[in-house]
Amino acid sequence: MNHFLDIHQTAPADLRQIIDNAAAMKAARNGRPRGAPDDDQPLKDHMVALIFEKPSTRTRVSFDVGVRQMGGQTMVLSGADMQLGHGETIADTARVLSRYVDMIMIRTFEEQTLLEMAEYATVPVINGLTNRTHPCQIMADIQTFEEHRGPIKGRKVVWSGDGNNVFASFAHAAKQLDFDLVFTGPEPLDPERALDGLYTTERDPQKAVEGADLVVTDTWVSMHDPQSARERRHNQLRGYQVNDALMALAKPDALFMHCLPAHRDDEATSSVMDGPHSVIFDEAENRLHAQKAVMRWCLGA
């Protein structure tokens, strides 16, 4: 049994296996109706609990569809549906769910919730997102880059904006998969100190993107940020918008990614998001294939 909690807690060989399997599973479904089952059914007779304490579009739909394509069944639960953190301990919840289901995916706020779930569950637990990391997103991002440009090893990836949870997983991936990661953003929004040594910093976004193979950004504000924080972040990050002028300084064949949802014409202009460098919708689609590969790895299937 394998948990998939964070990229830096997963061996590079296992990460490579997951990414390669994701690409193969995607190719095997080429031209097939969305609701048609995969040829092999590795999750046949398996039940997967999908827990969402945070709202979700891509994570919810991709995991749900992926389980069904692989022959399993899903139980989608929200924080309001459960006693999770509202009278019953995380440990007891994990023990109970392990009696009902074969795997748990949880999208939550605090990393400690995820870690406690994994500690006490007797079935695999997958990190669907925490305030600290978002490893499933980065697995899809690596898959997307490689299907367009080949191996990511030795490439230059530039992150423009807030050093948030998605950046943290990119930093873990840079170490595990051996690519160069540059952070460009304002000092007050630097990544957490625990990531030091996994990336370099260049405050000037124009210098940062020189020679970039991939430029990545994310929303400047969270859905839970108060209005005062939203205004402050806009002021801090306005100079780090990914626009046509910035992309023109990267390599001519550089790709652009955004994990979505996006606030168009804030962190990135619509002309970039819909332009020739953008692979954002391939990236979104690959959440499905990457997560299917993660689930198979967790179950040894």
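What you see is a predicted model; the values in this text were computed from it and never measured. (Residues numbered from 1 in each chain as written. Predicted model: local features only at pLDDT ≥ 70, side-chain atom pairs only at ≥ 80, totals over all residues. Heavy atoms only, no water.)

Colleague: Please set out the pairing of strand β6 (residues 180-184) residue by residue, giving values where relevant.
Modeller: Counting buried residues in β6 gives four out of five residues, a clear majority hidden from the surface. Taken together, the five bridges between strand β5 (residues 156-160) and β6 define a ladder with parallel strand orientation. For W159, the partnering residue across the bridge sits in β6 and is F183. Handedness of the β-α-β unit built from β5, helix α6 (residues 165-177) and β6 comes out right-handed. As defined by bridge partners, β6 adjoins strand β7 (residues 200-201) across two bridges and the pair is classed as parallel. Within β7, the position partnered with F183 by the bridge is T201. (Buried < 20%, exposed > 50% of the residue type's maximum accessible area, 1.4 Å probe, protein only. Helix = DSSP H or I, 4+ residues; strand = E, 2+ residues; numbered from the N terminus. Pairing = 2+ DSSP bridges. Right-handed = clockwise from strand over helix to strand, strands pointing away.)

Colleague: Can you lay out the side chain of T74 for me, pointing to particular residues and giving the numbers?
Modeller: Its location among the elements puts T74 in strand β2 (residues 73-78). Separated by 2.8 Å, the side chains of T74 and D64 make a polar contact. Contact partners of T74, with chain neighbours within four places excluded, come to M47, V48, L50, D64, V67 and R68. (Polar contact = N/O pair within 3.5 Å; in protein donor to acceptor, adjacent residues only side chain to side chain. Contact = heavy atoms within 4.5 Å.)

Colleague: Tell me about the pattern of salt bridges, residues and numbers included.
Modeller: Scanning the entire structure with this criterion turns up 19 salt bridges. Notably, a salt bridge pairs D20 with R16, separated by 3.1 Å at the nearest N-O pair. Taken together, the residues span about one helical turn, with D20 and R16 both in helix α1 (residues 12-28) at a distance of four residues. Assessed through its relative accessible area of 40%, D20 is described here as partly exposed. Judged by its relative accessible area of 26%, R16 falls in the partly exposed class. Across the pair R193 and D196 runs a salt bridge whose closest N-O atoms are separated by 2.8 Å. Note on D196: relative accessible area 41%, which makes it partly exposed. The network of salt bridges with common partners includes R16, D20 and E146. (Salt bridge = Lys/Arg side-chain N within 4 Å of Asp/Glu carboxyl O.)

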